[in-house]
Amino acid sequence: MSTTELMLKTSLEGRVLRTLQTHFRRPNIVLVKESLAANGLNPEQVEETLRLLQEDVLTVSEIMSQLREKGFFG
């Protein structure tokens, strides 16, 4: 495992990415909402992420890109 992969697994961005990927395997919006909050997103960020997720037109990669642009990860 590379250093980059290890850092992604422990960073907020990595935790959010894994949560979103899980949603596409087993959709459960309540679980995703709780997980995003537990991972460290504030309530407004959680709602924005859920809004993007529920549009059903964006991939996980596209959602993550938009979250990065909005400054969610620092």
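All values reported here derive from a predicted model rather than from experimental measurement.

Enquirer: Please give an account of helix H2 (residues 12–25) that cites residues and values.
Expert: Every α-helical turn comprises 3.6 residues, leaving residues that sit three or four positions apart pointing alike. Taking 1.5 Å per residue, 14 residues should reach 20 Å; H2 reaches 20 Å between its end C-alpha atoms and fits that length. Regarding H2, the residues found buried are Gly14, Val16, Thr19, Leu20 and His23.

Enquirer: Pulling in residues and values, what's your account of the packing of helix H3 (residues 29–39) against helix H4 (residues 43–54)?
Expert: How two helices pack is summed up by the angle between their axes together with the distance between the axes. Viewed as axis vectors pointing N to C, H3 and H4 meet at an angle of 145°, and their least axial separation amounts to 10 Å. In the crossing of H3 with H4, the sense of the turn from one axis to the other is right-handed. Mapping the contact onto sequence places Ile29, Val32, Lys33, Leu36 and Ala37 in H3 and Val46, Glu47, Thr49, Leu50, Leu53 and Gln54 in H4. Of the residues assigned to the contact of H3 with H4, the class counts are seven nonpolar, two polar and two charged.

The rules we used
Residues numbered from 1 in each chain as written. Predicted model: local features only at pLDDT ≥ 70, side-chain atom pairs only at ≥ 80, totals over all residues. Heavy atoms only, no water. Helix = DSSP H or I, 4+ residues; strand = E, 2+ residues; numbered from the N terminus. Expected span 1.5 Å × (residues − 1). Buried < 20%, exposed > 50% of the residue type's maximum accessible area, 1.4 Å probe, protein only. Axes fitted to C-alpha atoms, helices over the stretch in contact; angles between N-to-C directions. Left-handed = near helix turned anticlockwise from the far one by under 90°. Contact = heavy atoms within 4.5 Å. Nonpolar A, V, L, I, M, F, W, Y, C, P; charged D, E, K, R; others polar.

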